[in-house]
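# Close look at the chain arrangement
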Amino acid sequence: PFSPAIENISHKKLVKLQNEKILHKMKPIIADPGLIRFWPQSKWRHNEFELFSWEAFPSILIFDFANYQIQDEFLKRLAFFVEKSGYVGTLMKDEEIASLHGYNAHDYKAESLAAFFETAQSQNFQLNQSELLLRHILLENGIIKTEGNKILQGEGAIISLSQESPNYLRNSFLCHEGMHGVFFIDEDYRVYINDLYNKTDKNSIEFIKAYFTATPSLNYDINDDY
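Residues numbered from 1 in each chain as written. Predicted model: local features only at pLDDT ≥ 70, side-chain atom pairs only at ≥ 80, totals over all residues. Heavy atoms only, no water.

To continue, consider the overall build of the protein. When you go through the protein residue by residue, the secondary structure sums to nine helices and seven strands. Considering only residue pairs separated by 6 or more positions, the protein has 59% of its internal contacts joining residues 24 or more positions apart. Carbon and sulfur atoms make up 53% of the accessible area of the protein, which totals about 12900 Å². (Helix = DSSP H or I, 4+ residues; strand = E, 2+ residues; numbered from the N terminus. Contact = heavy atoms within 4.5 Å. Areas by Shrake-Rupley, 256 points an atom, 1.4 Å probe, with all protein chains shown as cover.)

With the rule as written, the count across this model stands at 15 aromatic pairs. Centre to centre, the rings of Phe 49 and Phe 74 are 5.4 Å apart; their planes meet at 70 degrees, and the pair counts as edge-to-face. Here the residue Phe 49 occupies a position in strand S2 (residues 49–54), and Phe 74 occupies one in helix H3 (residues 68–82), the gap between them amounting to 25 residues. With respect to class, Phe 49 is no different from Phe 74; both count as buried. The interplanar angle of 90 degrees and the centroid separation of 5.0 Å between the aromatic rings of Phe 80 and Tyr 87 together place this pair among those described as edge-to-face. A network of ring pairs unites the aromatic residues Phe 49, Phe 63, Phe 65 and Phe 74 as a single cluster. Between the NZ or CZ atom of Lys 84 and the centre of the ring of Phe 80, over which it lies, the distance is 5.4 Å. One residue, Lys 84, lies across the ring of Tyr 103, its end atom 4.0 Å from the ring centre. (Phe/Tyr/Trp six-rings, centres within 6.5 Å; stacked < 30°, edge-to-face > 60°. Buried < 20%, exposed > 50% of the residue type's maximum accessible area, 1.4 Å probe, protein only. Lys NZ or Arg CZ within 6 Å of the ring centre and 35° of its normal.)

As a further point, take helix H8 (residues 187–199). Taking 1.5 Å per residue, 13 residues should reach 18 Å; H8 reaches 19 Å between its end C-alpha atoms and fits that length. At the N-terminal end of H8, a side-chain oxygen is found 3.0 Å from the backbone nitrogen of Asp 188, two or three residues along, and the residue is Asp 186. (Expected span 1.5 Å × (residues − 1). Polar contact = N/O pair within 3.5 Å; in protein donor to acceptor, adjacent residues only side chain to side chain.)

Next comes the structure, spelled out in structure tokens:
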């Protein structure tokens, strides 16, 4: 129960506090991605998202967000910091990227997540409440860790999708982002994919790179060989 000191706060603030209390006790639901696609939103433990752990790869967390806006609050700044050409390694203010597209689904490895939160801490950059809650979840699940006053990478990765995407896209996104997640955590899979990449027709590779660069909503940093 909450203390009498907050009895007079607004209903909206009370709901927010209750949600945050739930979140800080949340353990990922272990599930196969095929079940996550159709998991009823009415059964979610938090009104903004549900949190899962991939049954076959438990160190990969899967976030299913209620809509793109909420997903952006958690992950848009991170997307620019990790993947967007011209922004990599930089913490952008909300107003600087407000008119720009993040992604409709996401994937991040432990190293990138640790770098984001360590940079924010070292620069005393003010993260929003959703990003701070994300940091808590990552720490609780060992994807990032602290050592002294440093934030370091742990084990695992995260992927995400949104209820706002139609079902055919949710299926594609789970498959696509899931493959990224496995790439992040499985050395044998990385070796296999790198071998395929090196055997692929060079003109095809250049076409893909041009597509990544020319498509404004993607704008991937193609200088990142990983």
